[in-house]
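# Survey of secondary and tertiary structure
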Amino acid sequence: IQYAGADGVVSSFFLWKPESEQKTVYWNELDFEKLGMCKMQLNLINGMPGPKGHEEHVDLSQICTAFHTYAFEWTPDYVAWSVDGVEVRRETGWNVEEFNLNAGNGLQLRLNVWPGDSNFGGTFSEDDLPVYQYIDWIRYSSYSGPGSFHWEWQEDFSSGSMPSGWYGGGWGSPLGF
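Residues numbered from 1 in each chain as written. Predicted model: local features only at pLDDT ≥ 70, side-chain atom pairs only at ≥ 80, totals over all residues. Heavy atoms only, no water.

### Observations regarding the side chain of serine 12
Checked against the element boundaries, serine 12 lands in strand E1 (residues 9-16). Relative accessible area serves as the criterion here: at 1%, serine 12 is assigned to the buried category. Polar contacts involving the side chain of serine 12 include one to the side chain of asparagine 112, which spans 2.4 Å. Beyond its immediate sequence surroundings of up to four residues, serine 12 is in contact with Tyr3, Phe32, Glu33, Arg110, Leu111, Asn112 and Gln133. (Helix = DSSP H or I, 4+ residues; strand = E, 2+ residues; numbered from the N terminus. Buried < 20%, exposed > 50% of the residue type's maximum accessible area, 1.4 Å probe, protein only. Polar contact = N/O pair within 3.5 Å; in protein donor to acceptor, adjacent residues only side chain to side chain. Contact = heavy atoms within 4.5 Å.)

Here is the structure:
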């Protein structure tokens, strides 16, 4: 992924439990979220009602000017965030246990770009548009036991159109833009 590079534009790759935004549904979300002028925030968000954020900012270079490989490892014991094969955050303990108890049938993989504001995302200006988030490929591997993952599928986005089973969203920004 190469994230969209304008201030005020939120650009992300995340795992999301559908309907988490509803007060009667337990919120489950894991994020790689680019904010501001290409700063990375990693989130484990959960709770009911949610969201209860457990954010961590990490210092990563060139996230908006070069491709990098971003990975979540979500297991019964930990959640880890890695960039280019290097672990940059690990969450363990009660927070992961609670997250796992409420994940249901799993989470959806999502990618998005949306305008933020000075409270979240930076100072958005329409003069910076258009901006783009580039995705070269996405791979999914299932957890198969301690230290082990089983490759399930990979999408290389080589067809020039939306891959079968993938959907484009048409909703507005969470901030009402």
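### Here we look at the pattern of salt bridges
Using the criterion set out here, one finds 3 salt bridges in the structure. The salt bridge involving glutamate 87 is made with arginine 90; its shortest N-O contact spans 2.9 Å. Connected through salt bridges with shared partners, the residues Glu56, Arg89 and Glu91 form a single ionic network. (Salt bridge = Lys/Arg side-chain N within 4 Å of Asp/Glu carboxyl O.)

### Re the sheet that holds strand E3 (residues 39-47)
Strand order in this open sheet of 5 strands is E4-E3-E2-E1-E8, and the pairing throughout is antiparallel. The strands lining the two open edges of the sheet, one partner per strand, are strand E4 (52-58) and strand E8 (108-115). Within the sheet, the average angular offset between the axes of one strand and its neighbour, ignoring direction, is 20 degrees. The sheet contact formed by E1 and strand E2 (residues 27-35) spans 6 bridges and is antiparallel. What sits directly across from serine 11, in E2, is lysine 34. In this fold helix H1 (residues 94-101) packs onto E2, E3 and E4, with an angle of close to 65 degrees to the strand it touches most, E3. (Pairing = 2+ DSSP bridges. Axes fitted to C-alpha atoms, helices over the stretch in contact; angles between N-to-C directions.)

### Quick notes on the environment of leucine 129
For leucine 129, the location among the structural elements is in the loop between E8 and strand E9 (138-145). Measuring from C-alpha to C-alpha, the distance between leucine 129 and leucine 15 comes to 26 Å, with 114 residues separating the pair along the chain.

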